[in-house]
Amino acid sequence: MSQTEPRAYRTLSDALQAAPAGAVNITITPGHYRTEAYRFWGTATITALGPRGSVVIDCSDEHNLQIEGRTTLQRLVLRNWHQNGLALSVVGGVAVVEDCEFMSRSATSVSARGGAELFLHGSTARDAGIAYLDAAGVIEGTEVIGAGACGIALRDGARVSVRNCRVNGAREHGIWVTARANPLIEQCEIYGPDQAGIMVDAHARVAIRGGSVSGSKLCGLVVRDDAHATVEGLQITAAAMDGVWCTTRGVLTADGVTVQDARRNGAVVDDGAAATLTNCVIEGSTDLGLAAGGGGGSRTEVTGGRIERNKVGVGFGDDGALTMTGVELTRNADAGLVLMPGGLARLRNVTVTRTEGPGLIVFRGADADIKALVSTGNQKGDLRDFQPAPDSTTAPATTPAPPSAPPRPSVPSAERPTGSTAPTAAPNASLDALLAELDAMIGLREVKEEIGKLVKFLRVAEQRRRAGVAQGPSIGRHMVFSGSAGTGKTTVARVYGRLLAALGVVADGHVTEVSRADLVGKVLGETTQKTTAVFHNARGGVLFIDEAYALSRRFGVGTDFGQEAIDTLVKLLEDHRDEVVVVFAGYSAEMREFLSANPGLQSRVSRTIEFEDYTPDELVAIVEGLTAQFDFVLADGTREALKAHFQQARRTATFGNGREARRIFEAAIQQQALRLADHDDPSPEELVQLLPEDLDGVVDRGLGTRFGEARDTDQLDAILGELSAMVGLESIKQQIRDLMDLIVMARRRRAAGLPADPLPSHLVFSGPPGTGKTTVARLYGSLLAALGVLARGQVVEVSRAGLVGAFTGQTAALTAEAFERARGGVLFIDEAYALVRPAGSGPDYGQEAIDTLVKLMEDHRDEVVVIVAGYTDEMQSFLAANPGLASRFSATVEFPAYGLDELVEILVRMAEPAGYTLPADTLTAVRSHLTTHAPDYALGNAREVRKLLAAVQTAQARRLRDRERTGLETTVDDLRLFHPEDIGA
């Protein structure tokens, strides 16, 4: 790709569009380029020939490049000037980005979503952030400067490692982790965000190791809304509000964290949150070093560490529990430790020294269990059972009002999070209200029946207890929730916890959600500690262990401490049988094996509830629930298309059920936003209605992805024009046109309610090599896409080597992988006859590829067009290799060898774009050459002509070099013209 080289492509979209199937390398000479939005499904490496900044690619469309295949970008600068555009969008593909720079006018410059993998190394994003939505990958050594919203946003279950990155001056959060994302943030530096340095919310889980947050305009670190954060060695300085805020059922485990010079409080734990602080340092806060309590039953445990130079060291009261062990409070101004009424404070080996006011203030009515407290060197004595007079100013105001919630970050409409489909009951909801909430959930009939039975038993048991009569044998409350992903297991567990609390079975019904990573350590003994700590955090509520089967040795790798976690859990279940209810969740088959991992496990978990996959109607209802929640409306055709999609969807282990419904809804509203972006003033009805075309490219229906008779007429005419312009092949062109007519008429007959034959699809291309089979296959795929029959129209080209493995089983996997890449397009198998084993040649895995193809073509007959190509006679043998193979192909297209005149025309057409001319005498020489070597060209056709052109170019270059040695000057005409002697050479 170059701005100056005559044969080079001028835009990135042109270069990618012309790229042949298979892995390609595109190099770009230094310069400033403009390009159009381009979606790329192939495999490519795109590299700037100079250092970063030497190649700048601008775009004013919705994205510069959307990757849906496998692509590597090196040393490029991509800038997007569209109001809502992305410089780079990775959708379901894999992208590796090295030493690149991105800029966008929108809030996000780089986005990965839909199961994509994005690996960003040593790159920069300016003026806009980086977003991962239901994606995975690594961000390493990358800088985000001046993002218009969040610097880095990770959501929708994103699994990303963010290492050694710098986020400077984000207009919202520095890093936002939300909606069940599960990243690792390691050794990152965050400077001066307008909101939180790191925001973790909405059931996300994050591990933060090292790094720093400085100068946040709100809080340094926020953990809220049922999120979990494990933080080691993070340094937080100069937060304009609180250094750390853990609230609304957030769970924080902090080790070796330092909080300095917060303008309000160093750390706040309130509103039902749980925080464990180990060996942390909190110093220099304007108000409290640690503010714990604040209502909602929060729990705070502080072990070791130091709290110094704050106005007040620790203030606790109002509700919840505080445990402090081995903590040093020193040089705090007004007081070292203040315990207000409300909640339970448990202090062991706490030291309070060098405070300007009282070391300890315990208000009358405070519930304090204090042992081995050392209070010395303080300027005023301790005040125990303190009861200030109404006008007293002896004691400081120690319990500030809870900090106001930092504002939620705004995100572009294409990235906006969505909420739950089920209403959320208040924490103190009645039993009947909770049962009504469970009943309102879509589907889950058997689940509701099982939960209902258990609730009835527990309700009667509670009534018997209150009546003072024998309660009978206890019923097992621990459960296994088994079923596919996205079937509501976590949501039901949360309701179950609140049901148990309403029945008085557990204290508060909070749900602690963990997975293997939260329980299993790296060395012997660490797992027991982690599992015990998690279990005790869950006391009074429900411990929900997702993918619990990953703990058993059957699913472990190498030296595995998962079994240690299981054994520890079994003992804890016995020792604290009335304090915690445990729910183990995972796939059905794996959970059956998991229960056999410990002899005592199955006896303690006596009830298994099977979560069935949602039916197509239920999945449509989930989408409808989301649309109603966010004030959208499904058009009738949209509802029908959704149901057709869910009816045809493959229910593999990776099918997301409710998650898939949510994915489709979010992608559809993105498509709707793109559709309406060009409307100057859309009506209110247009803004809320989701039309069938908003599902185009969103639902994966392969051949049926577009709707009705809508088609791209301009594109269709252009492709047919390209087919007509090909040399020769008149019978082929007519056959292709006939196939197009059949497709159009079949669709019209169906629309009119008339019977219609199945659409012609799989084809056999037979004939010698070099006769245009691959080119016609590509055009055929594009034609089907333009007609609205294919989703994408891409052509995946393979041969025997791409389908056949080296051992049993590998071939089936390779063939299935190639078939998967071709979904929505064409799978072109060149020299397909090579898959057939010769008689008497012994075992061959080519037959395995054929058998796998036959099954895939039947199972997914409306998703992929398969074209097999090869010599005519050999293809007959191929079609006989499997009894069902020939019947899968609707037509055979015979490609004849090119005649003499056609070969001459092909040579002329190949030479003209390269700037060469063949005069009449040269053409005569070409005809003579082709006639003399007719057998060779009959075998190779256009391929041999391409070789001839290369040979003639070489001969011309040699002739001109010899001519210059005689002192003659080479003119432009000399460079352009082929002479007859060049042909002979």
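Computed from a predicted structure; not experimentally measured. (Residues numbered from 1 in each chain as written. Predicted model: local features only at pLDDT ≥ 70, side-chain atom pairs only at ≥ 80, totals over all residues. Heavy atoms only, no water.)

Moving on, we get to the overall build of the protein. Within the protein, the regular secondary structure consists of 26 helices and 60 strands. Counting all 985 residues of the protein, 52% fall into the buried class. In the protein, of all internal contacts separated by at least 6 residues, the share reaching a separation of at least 24 is 55%. Carbon and sulfur atoms make up 50% of the accessible area of the protein, which amounts to about 41,800 Å² in all. (Helix = DSSP H or I, 4+ residues; strand = E, 2+ residues; numbered from the N terminus. Buried < 20%, exposed > 50% of the residue type's maximum accessible area, 1.4 Å probe, protein only. Contact = heavy atoms within 4.5 Å. Areas by Shrake-Rupley, 256 points an atom, 1.4 Å probe, with all protein chains shown as cover.)

We now examine helix α20 (residues 872–879). Where α20 is concerned, the buried positions are Met875, Phe878 and Leu879. Mapping the buried residues of α20 onto a view down its axis gives an arc of 90 degrees, with all of them on the same face. (Arc of directions from axis to C-beta.)

Before going further, it helps to examine a negative patch on the surface. Among the surface-exposed residues, Glu62, Asp678, Asp680, Asp681, Glu685 and Glu686 lie close enough to one another that they form a single negatively charged patch. With respect to the secondary-structure elements, glutamate 685 resides in helix α13 (residues 684–688). Accessibility expressed as a relative area gives 55% for glutamate 685, which makes it exposed. (Patch = residues over 30% accessible without salt bridge, like charges linked within 9 Å, V, L, I, M, F, W, Y side chains within 5 Å. Salt bridge = Lys/Arg side-chain N within 4 Å of Asp/Glu carboxyl O. Lys, Arg positive; Asp, Glu negative; His and termini not counted. Charge placed at Lys NZ, Arg CZ, Asp CG, Glu CD.)

What follows covers the packing of aromatic side chains. Evaluated as defined, the whole model comprises six aromatic pairs. Look at phenylalanine 765 and phenylalanine 895: their rings are 4.9 Å apart centre to centre, the planes differ by 50 degrees, and that puts the pair in the tilted class. Residue phenylalanine 765 is located in strand β56 (residues 763–766), and its partner phenylalanine 895 is located in the loop between β60 (891–894) and α21 (900–911); the two are separated by 130 residues in the primary sequence. Residue phenylalanine 765 is classed as buried on the basis of its relative accessible area, which comes to 0%. (Phe/Tyr/Trp six-rings, centres within 6.5 Å; stacked < 30°, edge-to-face > 60°.)

As a further point, take the environment of alanine 785. Turning to its location among the elements, alanine 785 is positioned in helix α16 (residues 773–786). Each C-alpha atom of the pair alanine 785 and glycine 824 lies 8.7 Å from the other, and the pair is 39 residues apart in sequence.

Further remarks concern α16. Working note: α-helix, 3.6 residues per turn, so residues spaced by three or four point in the same direction. The end-to-end C-alpha distance of α16, which contains 14 residues, comes to 20 Å, matching closely the 20 Å that a straight helix rising 1.5 Å per residue would cover. Counting buried residues in α16 gives eleven out of 14 residues, a clear majority hidden from the surface. Among the residues of α16, those classed as buried are Lys773, Thr774, Val776, Ala777, Leu779, Tyr780, Gly781, Leu783, Leu784, Ala785 and Ala786. (Expected span 1.5 Å × (residues − 1).)

Turning our eyes to something else, we now look at the pattern of salt bridges. Tallied over the full model, the rule gives 43 salt bridges. As a salt-bridge pair, aspartate 369 and arginine 348 come within 2.9 Å of each other at their nearest N and O atoms. With aspartate 369 in strand β46 (residues 367–371) and arginine 348 in strand β43 (residues 344–348), the pair connects residues that are 21 residues apart, well separated along the chain. The class of aspartate 369 is partly exposed, set by a relative accessible area of 28%.

This part takes up the side chain of threonine 531. The topology assignment puts threonine 531 in helix α6 (residues 526–537). Separated by 3.1 Å, the side chain of threonine 531 and the backbone oxygen of leucine 519 make a polar contact. For threonine 531, the contacting residues outside a window of four places in its chain are Leu519, Ala565, Thr568, Leu569 and Leu572. (Polar contact = N/O pair within 3.5 Å; in protein donor to acceptor, adjacent residues only side chain to side chain.)

Further remarks concern the sheet that holds strand β52 (residues 581–586). With parallel pairing, five strands are arranged side by side in an open sheet as β50-β51-β52-β49-β53. The sheet terminates laterally at β50 (511–514) and β53 (607–611), the two strands that pair on one side only. Direction aside, the axes of adjacent strands within the sheet are offset by 20 degrees on average. Pairing between β50 and strand β51 (residues 542–545): four bridges, direction parallel. The residue bridging threonine 512 from the neighbouring strand is leucine 543, located in β51. (Pairing = 2+ DSSP bridges. Axes fitted to C-alpha atoms, helices over the stretch in contact; angles between N-to-C directions.)

Turning our eyes to something else, we now look at the packing of helix α2 (residues 431–440) against helix α4 (residues 489–502). Put simply, α2 and α4 touch, their axes get as near as 9 Å, and they point 165 degrees apart. In terms of orientation, α2 lies roughly antiparallel with respect to α4. Judged by the sense of rotation from one axis to the other, the crossing of α2 with α4 is left-handed. Judged by residue contacts, Leu431, Leu434, Leu435, Glu437 and Leu438 of α2 engage Val492, Val495, Arg498, Leu499 and Ala502 from α4. (Parallel < 35°, antiparallel > 145°, perpendicular 65-115°, else oblique. Left-handed = near helix turned anticlockwise from the far one by under 90°.)

On to the environment of asparagine 310, then. Along the chain, asparagine 310 falls in the loop between β38 (306–308) and β39 (312–317). Put simply, asparagine 310 and alanine 335 are 25 residues apart on the chain and 9.0 Å apart in space, counted from C-alpha to C-alpha. Aside from chain neighbours lying at most four places away, what touches asparagine 310 is Ile282, Glu283, Gly284, Ser285, Asp287, Leu288, Gly289, Arg331, Asn332 and Ala333. In terms of polar contacts, asparagine 310 uses its side chain to reach the backbone amide nitrogen of serine 285, at 2.8 Å.

Let's shift gears to the environment of glutamate 624. Tracing the backbone shows glutamate 624 in helix α10 (residues 616–629). Taking the C-alpha atoms as reference, glutamate 624 lies 9.4 Å from alanine 661; in sequence the two are 37 residues apart. When near neighbours in sequence (up to four residues on either side) are disregarded, glutamate 624 contacts Leu634 and Arg639. A polar contact is formed between the side chain of glutamate 624 and the side chain of arginine 639, at a distance of 2.4 Å.

This part covers the sheet that holds β56. Here five strands make up an open sheet; going across it, the order is β57-β58-β59-β56-β60 and the pairing parallel. Each edge of the sheet is formed by a strand with only one pairing partner; in this case those strands are β57 (795–798) and β60. The average undirected angle you get between the axes of adjacent strands in this sheet is 20 degrees. As paired elements, strand β58 (residues 826–829) and strand β59 (residues 865–870) share four bridges and run parallel to each other. Bridge pairing in β59 links phenylalanine 828 to isoleucine 867. This element, α16, spans β56, β57, β58 and β59 of the sheet and lies at about 170 degrees to β59. Contacts from helix α18 (residues 810–821) reach β57, β58 and β59, with the element oriented near 155 degrees to β57.

This paragraph deals with the pairing of β43. In this structure, strand β40 (residues 321–325) lies alongside β43, joined through five bridges in parallel fashion. Across the sheet, the residue bridging to threonine 325 is arginine 348, located in β43. Sheet topology places β43 next to β46; five bridges connect them, and they run parallel. Note that in β46 the partner of arginine 348 across the bridge is lysine 371.

One way to put it is that α6 packs onto helix α7 (residues 562–575) with a least axis distance of 9 Å and a crossing angle of 40 degrees. When the interaxial angle is binned, α6 and α7 end up oblique. Considering only the axes of α6 and α7, their crossing is right-handed. Contacts between α6 and α7 involve Glu526, Thr527, Thr528, Thr531, Thr532 and Phe535 from the former and Glu564, Ala565, Thr568, Leu569, Leu572 and Leu573 from the latter.

Moving on, we come to the pairing of strand β7 (residues 70–74). One face of the sheet, then the other: side chains in a regular strand alternate in exactly this way. Counting buried positions along β7 yields four of five residues, so the element is predominantly enclosed. Note: strand β4 (residues 43–48) against β7, five bridges, orientation parallel. When the bridges of β7 are listed, threonine 47 appears paired with glutamine 74. When β7 meets strand β10 (residues 94–98), the two strands line up parallel, connected through five bridges. Bridge pairing in β10 links threonine 72 to valine 96.

Positive phi outside glycine occurs at aspartate 271, with the angle close to 55 degrees. Along the chain, the position of aspartate 271 falls in the loop between β33 (267–270) and β34 (274–278). A positive phi angle, near 55 degrees, is found at leucine 729, a position not held by glycine. Considering the arrangement of structural elements, one finds leucine 729 in the loop between α14 (713–724) and α15 (730–751). Take leucine 729: its relative accessible area is 6%, and that puts it in the buried class.

Formed by 99 residues in total, the largest nonpolar core has its most connected members in Ile46, Leu88, Leu118, Tyr132, Leu221, Leu252 and Met324. Each residue touching methionine 324, except ones within four places of it in the same chain, is listed here: Val302, Val314, Leu329, Leu337, Arg346, Leu347, Arg348 and Val350. Among the nonpolar cores identified, the runner-up in size contains 53 residues, and Ile719, Val904, Leu907 and Ala942 belong to it. (Core = buried A, V, L, I, M, F, W, Y, C linked by side-chain atoms within 4.5 Å.)

Per-residue confidence for the protein averages 82 on the pLDDT scale, and 87% of its residues sit at or above 70. Across residues 389–429 the pLDDT falls below 50, and counting only partners more than four positions away or on other chains, this stretch makes 87 contacts in the model. (pLDDT = per-residue confidence, 0-100.)

Another aspect to go through is the side chain of lysine 733. One can find lysine 733 in helix α15. Residues in contact with lysine 733, not counting those within four places in the same chain, are Leu723, Ser724, Met726 and Gly728.

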